[in-house]
Amino acid sequence: MSTRVITAGTAVPGPDETSTLPHPSAPRHDRQRFQKASLPLLFPAAALLIVLFLAPIAYSFYLGFTNLKLTGATARHHRFTGLANVHRLISDGVFHESLYLTAIFVVGSGVVMTTVVALAMAVAMQRAPAAVSGVVGIVVMIAYMIPPVTIAIMWVAAGTPGGVITMLVGQSQADILHTYPMLLVSAANAWSLTGLAMLLFSAALRNIPADIVEAAQLENAGAIQRFTRITLPLLKPTIVTTVLLISLMSLANFAIVFLMTGGGPGTATMILPVYSYQQGFFFNDLAYGALIGNITVVITTIFSALFVRFSRRDS
Amino acid sequence: MQSRRRARRARATLGALLVSALAITSCSGNESGGGDNVIKVAYGSDYVFLSPDLAKQWWQKVADDFQAKNPGAKVELVPIPGGFTDIVSKLNLLYRNPSTAPDVAEIPDENLAGWVASEYLHPLDDYLSGADWWKRFPDSVKKQNTVNGHVYAVNHGENTNALWYNMPMFTKAGLPVPWEPKTWADVLAAADKIHQTQPDVWPMWLLGGTSGGTSALQFGAANLVAGSSAPTIFDDKTQKWVVDSPGLREVLAFYSDLAKKSLQAPSAQLLDPNNVVNSFKLMADQQAAIAVAGNYLGQVWTQSVCSPCFPQAPQTYGVAKLPTVNGTADPNIASVMGGWDLTIGADSKNPDLAWKFIDTAQSAENLISVANGAGWVPPDQSLWSDKRFSDAAPPFNEFFANLLPASKPLPNIPDFPVWATGLGMATGQIIQHPETPIDEAIKVMKDYVTGQLGADKVQTVQS
């Protein structure tokens with residue numbers, strides 16, 4: 001009689017397999033392990049990642065602790081200034097406002113607007129005739145594929161006097177863009193991302209087992225009950241990963257906001273990427289702009305880590 | 001055995017790849033410049049001229065002229081696409097590395113002192129003694145090109161500002177044509193009369209807000225600051241920015257009067273990031289009765305630029321000097337100037353040849369063609385009545401050229417955009433919320449500039 005130690009994740013061999021058990025010192029095939037031979041193959045990708053991604057980010061973090069300017073005495077002869085920029089950041093009222101506005105923009109447009117609209121459309125399309133859902137799918141994907149410049153121009157035209165939105169609200173001469181700037185740039189961002197989110201939700205909806213839904217119907221569960229008790233719980237992993245993905249994309253969305261309002265009026269839409277650009281390239285303060293950019297990188301990294309974690313759990 | 005062979009082959013392949021990569025990088029590591037007789041000339045290819053084609057043609061012609069005059073010399077043109085900020089950023093990045101630094105560059109004069117402090121520019125004093133055209137520059141332009149007692153740039157075109165007024169609308173309102181307002185109150189009264197007689201017309205086009213950047217300030221509020229009773233923006237003695245003064249309060253009060261009486265253009269137009277360029281068409285469409293705007297409008301509407309074409313402009317629009325607040329200044333002109341300069345890089349290996357290029361670019365013919373192509377006034381006073389310039393956009397070109405000696409330069413130090421943003425926030429606040437008290441608008445500006453630059457960099461000027 002042989003004794004076997006079964007560890008977590010180890011497959012238990014059946015009775016007829018015991019005779020073929022490998023020797024304890026033999027290489028194991030039940031999990032992937034690091035192979036030195038893969039190093040040369042990984043080298044090109046690793047080198048590109050280090051040179052084009054990690055090194056610039058590390059340099060940007062370093063710049064955030066210097067006094068580098070685009071023009072002026074410290075443009076060529078900058079030096080390490082420790083936490084001077086961080087102290088300035090802590091007392092910078094516009095930065096505090098920018099953090100708040102970024103949260104509003106990401107949560108408002110990414111989490112609320114995009115997710116709710118995309119989920120509603122995906123559920124509606126589930127029962128729509130194939131032709132209708134096909135056309136809607138194409139239309140929303142076009143919105144996703146359109147360049148940010150075009151989206152910005154469209155939404156500026158729609159939100160200023162004579163535009164579609166002003167007419168829809170019955171005030172054709174109203175300047176909605178500058179009266180409710182955050183609402184409009186958030187709507188433009190959500191409009192551009194809804195197509196992607198809808199596709200993700202549609203795919204997840206198709207994977208919900210029909211027998212569970214049928215069983216609920218047999219138990220006289222109504223549409224709302226089926227949605228809240230079956231659809232939403234089963235979609236939860238997809239909703240979480242989609243929200244994180246859309247949040248990441250919204251955090252990086254500089255172009256639409258900058259082109260529509262330039263961060264204004266005043267500082268009304270001064271989200272972090274726009275403020276970083278303003279400091280670095282308009283106010284010539286590259287170091288402070290880099291520091292603000294680094295804050296965005298940290299926030300993005302947290303979202304990315306959450307995204308990866310939930311994606312793995314989902315899969 | 002087979003795996004060992006495979007590993008050897010992989011190592012050989014990797015080695016070959018590394019050698020190839022090294023070879024490629026060593027080839028591309030050469031400096032971008034050519035020999036001693038090659039000069040690199042960097043210029044804004046999209047933004048500076050009124051069209052990219054005109055920019056390309058002008059710079060190529062200057063390069064051809066230069067090469068014809070200097071056999072063996074070559075010009076490497078380095079066009080920089082994009083807007084104002086893109087040009088400034090790209091030039092700064094090029095200057096940071098001596099191997100990419102241009103020998104000659106076209107720079108906006110609002111950045112000059114910052115670039116001198118960066119040690120990017122070569123002083124031009126020694127060359128200027130032999131340049132006749134420099135002697136014909138107005139003192140205001142010479143001063144603008146001077147930093148710490150040395151000339152580091154030579155202007156090759158300026159913008160000046162004044163009032164454009166729609167003559168048919170003025171006639172309909174019973175206002176005099178030609179119109180010569182003496183004070184800001186006269187301007188407000190005319191706008192009010194227009195509003196009463198023609199309610200569908202925008203009585204006044206006066207840029208404000210932050211989205212248009214320093215360009216919107218140059219073609220808007222800065223002119224009023226220049227014509228106020230306390231026009232100081234940056235105090236050279238204290239090295240501080242003025243964030244509250246009787247002059248700034250007069251400017252904001254003017255905006256407030258316009259807004260409260262519904263005399264301003266719609267906020268959607270005034271606060272648009274492209275407000276300066278948008279005005280080309282809005283004015284040609286005769287949307288506004290009076291506008292504070294630059295000289296460029298006349299040239300924009302000519303057949304050669306046509307952006308848009310507006311051949312009826314001389315019969316439609318009159319131009320008048322923007323007066324100072326109470327009309328007491330002599331001359332009674334409120335105008336700021338701003339333009340583009342030519343410079344030689346401090347790292348240039350051949351500054352003498354670079355100077356010869358600038359000298360060629362500053363010939364009468366080239367200065368006139370760049371002025372007509374970029375919407376400028378040539379800095380050489382002898383060219384203002386030259387038919388090639390004055391007849392290109394009559395009567396506007398000569399009128400705006402004659403404003404140049406009395407026009408004031410804007411500060412050319414790196415923190416100027418912060419102050420400009422502060423004033424833009426104050427004017428934008430009033431444009432959007434007409435009931436904003438002047439004290440509150442001043443506070444918006446003061447808080448912003450103080451927050452960005454520190455309390456030790458700002459000051460209040462008492463009345």
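Residues numbered from 1 in each chain as written. Chains lettered and ligands numbered in written order. Predicted model: local features only at pLDDT ≥ 70, side-chain atom pairs only at ≥ 80, totals over all residues.

A. Structural view of the overall build of chain B. From N to C terminus, chain B includes 22 helices and 15 strands. Counting only C-alpha atoms and orienting by the principal axes, one finds that chain B spans roughly 95 × 55 × 45 Å. Considering only intrachain contacts with a sequence separation of at least 6, the fraction spanning at least 24 residues in chain B is 76%. (Helix = DSSP H or I, 4+ residues; strand = E, 2+ residues; numbered from the N terminus. Contact = placed C-beta atoms within 7 Å.)

B. The sheet that holds strand β7 (residues 161-166) of chain B, seen in detail. Residue and element names in this part refer to chain B. With mixed pairing, the four strands of this open sheet are ordered in space as β8-β11-β7-β12. Where the open sheet ends on each side, the last strands, each with one partner, are β8 (202-205) and β12 (317-320). Each adjacent strand pair in this sheet contributes to an overall mean axis angle of 20°, direction not counted. This element, helix α14 (residues 275-284), spans β7, β8 and β11 (288-294) of the sheet and lies at about 145° to β11. (Pairing = 2+ DSSP bridges. Axes fitted to C-alpha atoms, helices over the stretch in contact; angles between N-to-C directions.)

C. Looking closely at helix α3 (residues 93-126) of chain A. Taking 1.5 Å of rise per residue, the 34 residues of α3 of chain A would be expected to cover 50 Å, and the 47 Å separating its terminal C-alpha atoms lies within 8% of that figure. At T114 of chain A, α3 of chain A shows its largest kink, close to 30°. (Expected span 1.5 Å × (residues − 1). Bend = angle between axes of the 7 residues up to and from the residue.)

D. The arrangement of helix α3 (residues 84-96) of chain B in detail. If you check α3 of chain B, its first and last C-alpha atoms are 19 Å apart, about what 13 residues at 1.5 Å a residue would give, namely 18 Å. Listed as buried for α3 of chain B are I87, V88, S89, L91, N92, L94 and Y95 of chain B. In the core, the buried residues of α3 of chain B are packed alongside α12 (272-282) of chain A together with β1 (38-44), β2 (74-80) and β3 (104-108) of chain B. (Buried ≥ 20, exposed ≤ 12 C-beta atoms within 10 Å, placed from the backbone.)

E. Highlighting the interface of chain A and chain B. Taken together, the contacts link 26 residues of chain A with 30 residues of chain B. At the level of secondary structure, the elements contributing two or more residues to the side of chain A that touches chain B comprise α3, α7 (176-179) and α12 of chain A. A breakdown of the residues in the side of chain A that touches chain B according to their chemical character gives 12 nonpolar, 10 polar and four charged. (Nonpolar A, V, L, I, M, F, W, Y, C, P; charged D, E, K, R; others polar.)

F. Representation of the pairing of strand β13 (residues 336-344) of chain B in the model. Residues and elements named next belong to chain B. Most of β13 is tucked away, with nine of its nine residues classed as buried. Pairing between β3 and β13: five bridges, direction antiparallel. Paired with I107 across the bridge in β13 is D341. Relative to β13, strand β6 (residues 154-159) runs antiparallel, the two being bridged by four bridges. If you follow V154 over to β13, its bridge partner there is L342.

G. Summary view of the sheet that holds strand β9 (residues 234-235) of chain B. Residues and elements named next belong to chain B. The sheet built from three strands is open, its strands ordered β9-β10-β15 with mixed pairing. Every other strand in the sheet has two partners, leaving β9 and β15 (458-460) as the edge strands with one partner each. Bridging between β9 and strand β10 (residues 240-244) involves two bridges; their strand directions are antiparallel. Each residue of the ladder has a partner; that of D235, found in β10, is K240.

H. Up close: the packing of α3 of chain A against helix α10 (residues 223-251) of chain A. Residue and element names in this part refer to chain A. Interaxial distance between α3 and α10 falls to 9 Å at its minimum, and their mutual angle equals 135°. Considering their axes alone, α3 and α10 lie oblique with respect to each other. Taken as a pair, α3 and α10 cross one another with a handedness that is right-handed. Contact residues: F105, V106, S109, G110, V111, T114 and T115 in α3; I239, T242, V243, I246, S247, S250 and L251 in α10. (Parallel < 35°, antiparallel > 145°, perpendicular 65-115°, else oblique. Left-handed = near helix turned anticlockwise from the far one by under 90°.)

I. Fine view of the pairing of β12 of chain B. Residues and elements named next belong to chain B. A one-sided burial pattern is seen for β12, the buried positions being Y317 and V319 and the unburied ones G318 and A320. Two elements, β7 and β12, share four bridges in a ladder whose sense is antiparallel. Paired with L163 across the strands is A320, a residue of β12.

J. Structural context of the environment of I90 of chain A. Tracing the chain through its elements places I90 of chain A in helix α2 (residues 84-90). With 29 residues separating them in the primary sequence, I90 of chain A and L119 of chain A have C-alpha atoms 39 Å apart.

K. Up close: the nonpolar core. Judged by nonpolar contacts, the single largest core of 211 residues is most densely connected at M204, W205, I290 and F357 of chain B. The biggest single contributor to this core is helix α8 (residues 181-206) of chain A, with 12 residues. Each of domain 1 (38-158 + 338-401) and domain 2 (161-334 + 413-460) of chain B gives at least three residues to this core. Setting aside anything within four residues of it in sequence, one finds I290 of chain B in contact with L163, Y165, V187, A190, A191, P203, M204 and W205 of chain B. (Core = buried A, V, L, I, M, F, W, Y, C linked by C-beta atoms within 7 Å. Domains from an automatic or database assignment.)

L. View of the domain arrangement of chain B. All names here are of chain B. What the domain assignment lists for chain B is domain 1 (38-158 + 338-401) and domain 2 (161-334 + 413-460). Centre-to-centre separation of domain 1 and domain 2, based on C-alpha positions: 28 Å. Listed per partner, the contact involves 18 residues of domain 1 and 18 residues of domain 2. At the level of elements, α4 (112-117) and α20 (396-401) are the ones that each hand at least two residues to the side of domain 1 that touches domain 2. Looking at which element gives the most residues to the side of domain 1 that touches domain 2, the answer is α20, with four residues. A class-by-class count of the residues in the side of domain 1 that touches domain 2 yields 11 nonpolar, six polar and one charged.

M. Broad picture of the environment of G422 of chain B. Residue and element names in this part refer to chain B. Mapped onto the elements, G422 comes out in helix α21 (residues 416-432). Using a count of 25 C-beta atoms within 10 Å as the deciding quantity, one classes G422 as buried. Separated by 22 residues in the primary sequence, G422 and V444 have C-alpha atoms spaced 7.3 Å apart. Sequence-distant contacts of G422, that is, excluding residues within four places in its chain, are made with V243, M445, Y448 and V449.

N. Representation of the environment of P52 of chain B within the structure. All names here are of chain B. By the secondary structure assignment, P52 is in helix α2 (residues 52-69). Along the sequence, P52 and G373 sit 321 residues apart, while their C-alpha atoms lie 9.9 Å from each other. Setting aside residues up to four positions removed in sequence, P52 forms contacts with S45 and D46.

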